[in-house]
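Per-entry structural report
The residues making up each chain are set out below.
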Amino acid sequence: MIQPLVLIAGGGIGGLTMALTLHQIGVKCVVFESVRKLAPLGVGINLQPNAVRELYDLEISADDLDRVGLPAKEWALVGFNGNDIYSEQRGILAGYNWPQYALHRGHFHMFLYHEVLKRTGKGTVQLGQTVTGYQNNANGTVTALIEHADGKTARETGTLLIGADGIHSAVRAQMHPEQPPIHWGGAIMWRGSTLAKPTRTGSSFIGLGSHRHRMVIYPISHPDPTTGLATINWIAEVTVDSSEGWKESGWFKQVEIDDFIHHFDGWTYDWLDVPALLRGAQVAYENPMIDRDPIPTWQDDRVVLLGDAAHPMYPTGSNGASQAVVDTRLLGASLIEHGVTPKAFQAFDQKFCGPISEVVLRNRGAGPFGLLNLVDERCGGEFDNIDDVIPAKERSEFMAGYKATAGFAIEKLNNSPSTIQHGAKVVI
Ligand SMILES: Cc1cc2nc3c(=O)[nH]c(=O)nc-3n(C[C@H](O)[C@H](O)[C@H](O)COP(=O)(O)OP(=O)(O)OC[C@H]3O[C@@H](n4cnc5c(N)ncnc54)[C@H](O)[C@@H]3O)c2cc1C
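These remarks concern the structure in this document. (Residues numbered from 1 in each chain as written. Predicted model: local features only at pLDDT ≥ 70, side-chain atom pairs only at ≥ 80, totals over all residues. Heavy atoms only, no water.)

1. Side note on the nonpolar core
Soluble globular proteins tend to bury their nonpolar side chains together. Counting residues in each nonpolar core, the largest one holds 75 residues, and the members touching the most others are Val-6, Ile-8, Leu-22, Leu-47, Phe-108, Ile-162 and Trp-298. What Trp-298 contacts, discounting residues up to four positions off in sequence, is Met-175, Val-303, Val-304, Leu-305, Ala-310, His-311, Phe-348, Asp-349, Phe-352, Cys-353 and Ile-356. Counting 31 residues, the second largest nonpolar core, distinct from the first, contains Val-255, Ile-261, Leu-272 and Leu-278. (Core = buried A, V, L, I, M, F, W, Y, C linked by side-chain atoms within 4.5 Å. Buried < 20%, exposed > 50% of the residue type's maximum accessible area, 1.4 Å probe, protein only. Contact = heavy atoms within 4.5 Å.)

Right under this line is the structure:
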């Protein structure tokens, strides 16, 4: 019997984790990645405990993750005046059986790449190969249409195709030709990282300001034992009128600190100097906050979408990368149950497309930063004691509601069985 072969479009966080999952469950795959040479691009991302659990099940250890990031200890919202609005512990400290990790996206991505090569061999990831479309064939196969970096085209045929090609997915564009253009709601992010001393717990995520004008700051490396300095990831963000759409060229470009630092003049506290933090960065990127309207299905016969190709979402809940990792495991479990067949994709799609689309829409509404909206509405951001503005019970209930929808509910996660049982394989 011919061995099934799964084709994967895109070798980002989702595509490479999918390759590791397929290898674990005994299915051969090949990843087509458009860039010619992978480089450690991007700044900070968070992996929530539900995703870290899946990485541990993939035999990626805490030591591995500690080399590309560090466990997050706290998530805190702070008002313009520097006073606390809300804080909670994260990961193991919060009662999860698994930590939350704050990581350097590029270093984590490179780690996954080397892990795929180590476990599956060099041929699994084909660089410089862009998937431009696909064809479901009458004989029960699927063909990926490929364009090589030198402009030559090719056709690769397999049993199934997974579109893990990110927010600008070509696979999704063919599956849903009528989809509206990228959605931008008015928020502009400037991202970067600076070597500086971590504040608060030493590994705190801090959301400072208001929903429409804020800084997000968190370390993504352990501190250097000699200097005490860590890589601090920051996102400076303002929301502007978006009625005329995004006028700049491109969705991700390098900018000068002077282009945006004036928005944060005077953001100086006894525990944090925002302008100094921004000035200390080696490089900064402008990146409008974008997502896409949810689609009714992620599946077209032998083709399915995962990660940002399926559900690009605002990073307000820190769950884009986590959801990509979790998707790969849910798909793996479905392949174990239904075999390397379109039925596996259909079951995955029917179960998760609706609920995850809700998370996309909920993140548009501010996600967990919605608490900052409430503070704004009730006191214009001016308060001495947050209990006078939003009682502690209301703050906790708000956060619990968000976490339940996003799949972060502690007891539910701790008590659920592994997505893929140890040693489980696809029967071929
Ligand atoms: C260069 C880069 C930098 C990023 N930086 C950050 C960051 O700093 N912070 C953050 O929160 N998120 C960042 N992200 C987004 C974040 O990685 C994703 O939201 C999340 O990890 C979901 O992963 P994904 O695999 O679905 O998508 P991605 O990680 O975006 O991966 C998609 C992959 O597919 C490749 N690709 C695209 N089109 C094709 C095609 N047609 N054929 C073949 N390959 C294709 C891309 O080159 C990319 O490697 C970044 C993404 C990229 C690509």
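2. A few points about the environment of Glu-74
Assignment of secondary structure puts Glu-74 in strand S5 (residues 74-78). In the structure, Glu-74 is positioned 183 residues away from Ile-257 in sequence and 28 Å away in space, judged by C-alpha atoms. Each residue touching Glu-74, except ones within four places of it in the same chain, is listed here: Ser-87, Glu-88, Gln-89, Arg-90, Arg-200, Thr-201, Ser-203, Ser-204 and Phe-205. At 2.5 Å, the side chain of Glu-74 and the side chain of Ser-204 are in polar contact. (Helix = DSSP H or I, 4+ residues; strand = E, 2+ residues; numbered from the N terminus. Polar contact = N/O pair within 3.5 Å; in protein donor to acceptor, adjacent residues only side chain to side chain.)

3. Concerning the pattern of salt bridges
With the rule as written, the count across this model stands at 16 salt bridges. For the salt bridge of Glu-74 with Arg-200, the shortest nitrogen-to-oxygen distance reads 2.9 Å. Linking Glu-74 in strand S5 with Arg-200 in the loop between strand S13 (183-196) and strand S14 (204-210), this pair joins segments that are 126 residues apart in sequence. By relative accessible area, which is 10% here, Glu-74 ends up buried. With a closest N to O distance of 3.1 Å, Arg-214 and Glu-237 form a salt bridge. (Salt bridge = Lys/Arg side-chain N within 4 Å of Asp/Glu carboxyl O.)

4. Quick look at the sheet that holds strand S18 (residues 284-291)
Pairing in this open sheet of 8 strands is mixed, and the strands run S6-S5-S14-S15-S16-S13-S18-S17 from one edge to the other. The open sheet terminates on both sides in strands that have one partner only, identified here as strand S6 (84-89) and strand S17 (253-255). With direction set aside, neighbouring strand axes in the sheet form an average angle of 20 degrees. Pairing analysis gives 3 bridges linking S17 to S18, with the strands arranged antiparallel. When the bridges of S18 are listed, Val-255 appears paired with Ala-284. (Pairing = 2+ DSSP bridges. Axes fitted to C-alpha atoms, helices over the stretch in contact; angles between N-to-C directions.)

5. So, the pairing of strand S11 (residues 153-158)
Sheet topology note: the strand S10 (residues 142-148)/S11 ladder contains 6 bridges and is antiparallel. Paired with Val-142 across the strands is Gly-158, a residue of S11. The antiparallel hairpin formed by S10 and S11 contains 4 residues in its connecting segment, where Gly-151 sits at a positive phi of about 95 degrees.

6. Here we look at the site of the ligand
Taken together, the neighbourhood of the ligand is formed by 27 residues, with Gly-14, Glu-33, Val-43, Arg-191 and Asp-308 sitting nearest. Taking Gly-44, its main chain carries an N or O atom lying 3.1 Å from a nitrogen atom of the ligand. Here an oxygen atom of the ligand sits 2.9 Å away from a polar atom, N or O, in the side chain of Arg-105. Expressed as a share of its isolated accessible area of 920 Å², the protein-covered part of the ligand is 80%. When contributions to the shell around the ligand are tallied by element, the ones reaching two or more residues are helix H1 (13-24), strand S2 (28-33), strand S3 (44-47), strand S9 (129-136) and helix H7 (320-338). Taken together, the residues that form the shell around the ligand break down as 10 nonpolar, 12 polar and 5 charged. (Near = heavy atom within 4 Å. Areas by Shrake-Rupley, 256 points an atom, 1.4 Å probe, with all protein chains shown as cover. Nonpolar A, V, L, I, M, F, W, Y, C, P; charged D, E, K, R; others polar.)

7. A word on the packing of aromatic side chains
If you walk through the whole model with that rule in mind, you get 13 aromatic pairs. For the ring pair Phe-348 and Phe-352, a centre distance of 5.8 Å and an interplane angle of 50 degrees mean the geometry is tilted. Of this pair, Phe-348 and Phe-352 both sit in helix H8 (residues 342-364), 4 residues apart, which is roughly one turn of that helix. With relative accessibility at 1%, the residue Phe-348 sits in the buried group. The class of Phe-352 is partly exposed, set by a relative accessible area of 21%. (Phe/Tyr/Trp six-rings, centres within 6.5 Å; stacked < 30°, edge-to-face > 60°.)

8. Thoughts on H1
Taking 1.5 Å as the rise per residue, H1 with 12 residues should run 16 Å; its terminal C-alpha atoms sit 17 Å apart, in good agreement. Counted residue by residue, H1 has 10 buried out of 12 residues, so it is predominantly covered. Listed in full, the buried residues belonging to H1 are Ile-13, Gly-14, Gly-15, Leu-16, Thr-17, Met-18, Ala-19, Leu-20, Thr-21 and Leu-22. Following H1 by one or two positions, Gly-26 has its phi on the positive side, about 85 degrees. (Expected span 1.5 Å × (residues − 1).)

9. Topic: the sheet that holds S3
The strand order across the open sheet formed by 3 strands is S3-S7-S4, and the pairing between neighbours is antiparallel. Looking along the sheet, the strands with just one partner apiece sit at the ends: S3 and strand S4 (69-71). When the angles between neighbouring strand axes are averaged without regard to direction, this sheet yields 20 degrees. When S3 meets strand S7 (residues 101-104), the two strands line up antiparallel, connected through 4 bridges.

10. Details of the side chain of Thr-21
You can see Thr-21 is positioned in helix H1. Among residues more than four places away in sequence, those in contact with Thr-21 are Leu-58, Thr-328, Arg-329, Gly-332 and Ile-420.

11. Digging into the packing of H7 against H8
Two numbers describe how H7 lies on H8: the axes approach to 8 Å, and their chain directions differ by 145 degrees. You can see that H7 and H8 cross each other, and the crossing is right-handed. Residues Gln-323, Asp-327, Leu-330, Leu-331, Ser-334, Leu-335 and His-338 of H7 touch H8, and the partners they reach there are Lys-343, Ala-344, Phe-345, Ala-347, Phe-348, Phe-352 and Ile-356. (Left-handed = near helix turned anticlockwise from the far one by under 90°.)

12. Some details on unusual backbone geometry
If you check the backbone angles, Glu-59 has positive phi at about 60 degrees while not being a glycine. Turning to its location among the elements, Glu-59 is positioned in the loop between helix H2 (49-57) and helix H3 (62-68). Unusually for a residue other than glycine, Arg-200 sits at a positive phi of about 50 degrees.

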